Amino acid sequence: MILRLVLGDQLNPQHSWFREVRTDVVYALFECVEELRYAPHHRQKMLAFLHGMQQFASELRSKGHQVEHWTLDDPRQKGSLRANLEALRNELAKTASSVRLEYQEPDEYRVDQDLLGLGTRVPSEHFLTERGAVASHFAGKKTYLMESFYRAMRVRHRVLLDQADQPEGGSWNFDSDNRSAWDPKQAVPTEWRAHHDLRELDARLDRHRIPRWGDALADDFPWPAHRREALELLEHFVAHGLTKFGRFQDALAENHDFLFHSRLSFALNTKMLHPREVIDAVESAWRRDPQTYPLPAVEGFIRQILGWREYVRGIYWAKMPEYANLNYFNHQRPLPQWMYTGKTQMRCLQVAIGQSLRTAYAHHIQRLMVVGNFALLAGFDPRELDAWYLGIYIDAIEWVEMPNTRGMSQFADGGIVGTKPYVSSGAYIHKQGNHCGSCAYSVTEKVGPNACPFNALYWHFYARNRDLLERNPRVGMVYRTWDKMNPDHREALLEYADLNLNNINLL
Ligand code: FAD
Ligand code: SF4
C-alpha cells in the first residue's frame, strides 16, 4: 500500500501521481489545527486553503482515486500533520502487509524538516527551477542580483526571445515604462470572483476555536477553489488587466483594491496553475495582438513570475534556516495595534491595511512601499512583521513571504535580495497615488503635529543607521543631502520622528 500525502498548497490535478487510478494508493489530505494556529491567519486565507483541499479531495474521488480527507471534525484527528500521518499509516497497516509513504517536495522549510525520513520525496512538478538553482547561479557572489538570474531564465526557457535569441523589443527589461502614477480618470477592470457558500466551513473553524482575523466573506466567497476557476481568473486577467498592468503596476489608488493586478498568486502558490502556462498565456496574447498588449506590460508581468517568483524561492532555499533570524538593523519595535485593525489616521496605511483585512489582498506596492516602508522606517521587529505578512495575505506561504518581507522589504538580510533599502518619504506615496488628499496629515509638512509621519521618520531611519548604510554606493547621496541640511532642521526632524515613535499607537 502506498500512502501519498497532498499538502494544502499542492492542489495540482495535473501532477503525474494522478495520471492513473491505482488500487494500492491512498491519497491523504489533513486539516490540522497546528497549521491553522502557527501564525495569526486571516479567516479568508484559512477558508481558501481548506476549501481548495475539500474540492481537490472530491475531484480525486470522482475520478476513482481512494482519498482520506480528515476535516477538523474527524474523530481520528491528532491535530498535527505528522501525528495524523502516523495515525493513518497505522490504520492502513491493519489491512495491508506494508505501508509506504510518498510526498511531494514541500515548499516550506519547516514542513520539509518535519517530513524528513518519513517516506519517499518526489518532485512537486511545479516550479521552473530546482530548489538549488539560485544558489548555483550565484555561487561565490555576495549579492544576488535578480536581473542576472531573470535573463538567464529567459534564455533557458526561451521566453520573449526573437529568432536570433535576443530579447524581443531589443531590451531585457522595460521597467522604466512601467512606473506611471495613478490616473483617477482610468476605468479599472471589473473584478473576477467566484461565488462559494463557505458558511459551514467557517462554522467548523469557530467550533474548533480557531481565532478570527479579517473578514471571512463566507456567504459569497470570492477566491478560486480549483483549477477550472483559476483558469477563468487567468483568462479574465489577460482579457482585461494585462493591457495596463505595466503602466499602473506601481500605482496606488483610493477605492480600487486590485487595479490591473492579476490576483493569480493564490492559484499559483496552491499549484492550481503552473507558472509556465501563465507565462505562455501572456506571451501568446502579445504575439497574437501586440497593439492591444504592449510589450512593457507583457515583459513586466512575465518578469514577476519567471524572475521574481523563482528567484525568491531560490533565495529561501539557499539561505534557510539562518534567513529566518536575520535582523540587519536589529529592529525590535513591537507592531502597533493599528496594524491589526487598520485604525490609523495615516490614510495610505488605513487603506492598505483596511483593504487587506477586507480582502486578504494588497498589491505589491501597497505591501512594499506603504506597509513595508513604514515598518522599516519605524523599525518594526522583523519576526513580528513576518508573522503579520504570513497571516494576512491569501497567497502567503513562507518560501515567498519571507524573502519578500525580510529581504526585499525590510533589508533585514543586509542586502542579499535588494541593493538598498526600499524606503521613501511621503513624497513617493503622494506621487504614485491619491491617498494624501484625504489624509489627516499633510504630505508637504516635514515637522509639527500635522506633518506626514513618513517624512521625519525617513531621515530618522538614515540617521540612526548611518554606520550600516553610509558606504552603500546607492545610498551615499542621501547622507550628502542630510549633511548639507540646516542643523536646527535636522534636530527638529529627529525630535519629531522620536515623538511619533513614542506615540506610535496614536498615529
Ligand atoms: P501581480 O502583480 O498580478 O503579479 C503577478 C504574479 O507575479 C503574482 O501573482 C506572483 O505570483 C508573482 N510575483 C510578483 N511579485 C513577486 C515577488 N516579489 N515575489 C514573488 N512572486 C511575485 N507574494 C506571494 O505570492 N506571497 C506572499 O506571501 C508575498 N508576500 C509579500 C510580502 C511583501 C512585504 C512584499 C513586498 C511582497 C510580497 N509578495 C508575496 C509579492 C507580491 O506582492 C505578490 O505576489 C503580489 O502582490 C500578488 O498579487 P497578484 O497576484 O495580483 O500579483
Ligand atoms: Fe500617507 Fe503621509 Fe500621504 Fe498621509 S500624507 S497618505 S501618511 S504619505
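No experiment lies behind these values; they were computed from the predicted model shown.

Structural notes on the overall build of the chain
And step 1. A count of helices and strands for the chain gives 21 helices and 5 strands.
And step 2. Here the C-alpha radius of gyration of the chain, 24 Å, is about what a compact globule of 507 residues would show, namely 23 Å.
And step 3. If one aligns the C-alpha atoms of the chain with their principal axes, the spans along those axes are about 80 × 55 × 50 Å.
And step 4. Within the chain, buried positions represent 59% of all 507 residues.
And step 5. Here the contacts in the chain between residues at least 6 apart in sequence split such that 74% fall between residues at least 24 apart.
And step 6. Working note: accessible area of the chain is about 20,900 Å², and carbon and sulfur atoms make up 50% of it.
And step 7. Here the chain contributes 61 positive and 63 negative side-chain charges, whose respective centroids are spaced 2 Å apart.

What to know about the packing of helix H14 (residues 364-378) against helix H18 (residues 453-464)
When two helices pack together, their arrangement is captured by the angle between the axes and the distance separating the axes.
And step 1. Following both chains from N to C, one finds H14 and H18 inclined at 50 degrees, their axes separated by 8 Å at the closest point. Relative to H18, H14 is oriented oblique. In this structure, the crossing between H14 and H18 has a hand that is left-handed. On the side of H14, the interface is formed by Val370, Asn373, Phe374, Leu376, Leu377 and Ala378, while H18 contributes Pro453, Phe454, Leu457, Tyr458, Phe461 and Arg464.
And step 2. In the contact of H14 with H18, the residues fall into 10 nonpolar, 1 polar and 1 charged.

Side note on the nonpolar core
And step 1. Formed by 145 residues in total, the largest nonpolar core has its most connected members in Trp338, Leu349, Phe374, Phe380 and Trp388.
And step 2. Ranked by residue count, the leading element in this core is helix H11 (residues 295-319), at 11 residues.
And step 3. Ignoring any residue separated from it by four or fewer positions in sequence, one finds Trp338 in contact with Lys343, Thr344, Met346, Leu349, Ile353, Phe374, Phe380, Ile504, Asn505 and Leu507.
And step 4. Leu5, Phe30, Ala87 and Leu115 belong to the second-largest nonpolar core, a separate cluster that totals 20 residues.

A few points about the packing of aromatic side chains
And step 1. This model, assessed by the stated rule, comprises 37 aromatic pairs.
And step 2. Between the aromatic rings of Trp182 and Phe260, the centroid separation amounts to 6.5 Å while the plane-to-plane angle is 50 degrees, which identifies the pairing as tilted. Here Trp182, found in the loop between helix H6 (146-156) and helix H7 (199-207), pairs with Phe260, found in the loop between helix H8 (227-245) and helix H9 (265-269); they are 78 residues apart in sequence, far enough to count as distant.
And step 3. By relative accessible area, which is 9% here, Trp182 ends up buried.
And step 4. Classification of Phe260 as buried rests on a relative accessible area of 3%.
And step 5. Aromatic pair Tyr389 and Tyr393: ring centres 6.0 Å apart, planes at 35 degrees, arrangement tilted.
And step 6. Accessibility expressed as a relative area gives 5% for Tyr389, which makes it buried.
And step 7. Its end group placed over the ring of Trp223, Arg263 keeps NZ or CZ at 5.4 Å from the ring centre.
And step 8. Directly above the aromatic system of Trp482 lies the positively charged group of Arg490, at a separation of 5.7 Å from the ring centroid.

Observations regarding the side chain of Glu102
And step 1. Counting through the fold element by element, Glu102 comes out in strand E4 (residues 100-104).
And step 2. Within the structure, the side chain of Glu102 is placed 2.9 Å from the side chain of Arg4, a separation counted as a polar contact.
And step 3. With sequence-adjacent residues up to four places away left out, Glu102 is seen in contact with Ile2, Leu3, Arg4, Leu5, Trp17 and Thr120.

Quick look at the pattern of salt bridges
And step 1. What the rule picks out here adds up to 41 salt bridges.
And step 2. Of the charged contacts in the structure, one is a salt bridge between Glu105 and Arg131, with a shortest N-O distance of 3.5 Å. With Glu105 in the loop between E4 and helix H4 (109-115) and Arg131 in the loop between strand E5 (120-122) and helix H5 (133-137), this pair connects stretches of sequence that are 26 residues apart.
And step 3. Classification of Arg131 as buried rests on a relative accessible area of 13%.
And step 4. Among the ionic contacts, a cluster of salt bridges with common partners joins Glu105, Asp112, Arg121, Arg131 and Arg313.

Overview of the domain arrangement of the chain
And step 1. The domain architecture assigned to the chain consists of domain 1 (2-122), domain 2 (133-319) and domain 3 (338-506).
And step 2. Taking only C-alpha atoms into account, the centre of domain 1 sits 40 Å from that of domain 3.
And step 3. Contacts between domain 1 and domain 3 engage 12 residues on the former and 15 residues on the latter.
And step 4. Buried surface at the junction of domain 1 and domain 3, summed over both partners, amounts to about 1,100 Å²; 60% is from carbon and sulfur atoms.
And step 5. Summed over the shared surface of domain 1 and domain 3, the number is 0 salt bridges.
And step 6. At the junction of domain 1 with domain 3, the criterion picks out 6 residue pairs in polar contact (both at pLDDT 80 or more).

Digging into the site of ligand 1
And step 1. Taken together, 30 residues surround ligand 1, and among them His261, Ser262, Arg263, Tyr361 and His364 come closest.
And step 2. Between ligand 1 and His364 there is a distance of 2.9 Å, counted from an oxygen atom to a side-chain nitrogen or oxygen.
And step 3. Here ligand 1 loses 99% of its free accessible area of 820 Å² to cover by the protein chains.
And step 4. Elements with a minimum of two residues in the shell around ligand 1: H9, H11, H14 and helix H16 (398-409).
And step 5. If you count residues domain by domain, the shell around ligand 1 takes at least three from each of domain 2 (133-319) and domain 3 (338-506).

Calculation rules
Residues numbered from 1 in each chain as written. Chains lettered and ligands numbered in written order. Predicted model: local features only at pLDDT ≥ 70, side-chain atom pairs only at ≥ 80, totals over all residues. Heavy atoms only, no water. Helix = DSSP H or I, 4+ residues; strand = E, 2+ residues; numbered from the N terminus. Rg over C-alpha atoms; globule rule 2.2 N^0.38 Å. Buried < 20%, exposed > 50% of the residue type's maximum accessible area, 1.4 Å probe, protein only. Contact = heavy atoms within 4.5 Å. Areas by Shrake-Rupley, 256 points an atom, 1.4 Å probe, with all protein chains shown as cover. Lys, Arg positive; Asp, Glu negative; His and termini not counted. Charge placed at Lys NZ, Arg CZ, Asp CG, Glu CD. Axes fitted to C-alpha atoms, helices over the stretch in contact; angles between N-to-C directions. Parallel < 35°, antiparallel > 145°, perpendicular 65-115°, else oblique. Left-handed = near helix turned anticlockwise from the far one by under 90°. Nonpolar A, V, L, I, M, F, W, Y, C, P; charged D, E, K, R; others polar. Core = buried A, V, L, I, M, F, W, Y, C linked by side-chain atoms within 4.5 Å. Phe/Tyr/Trp six-rings, centres within 6.5 Å; stacked < 30°, edge-to-face > 60°. Lys NZ or Arg CZ within 6 Å of the ring centre and 35° of its normal. Polar contact = N/O pair within 3.5 Å; in protein donor to acceptor, adjacent residues only side chain to side chain. Salt bridge = Lys/Arg side-chain N within 4 Å of Asp/Glu carboxyl O. Domains from an automatic or database assignment. Buried area = accessible area lost by both parts, 1.4 Å probe. Near = heavy atom within 4 Å.

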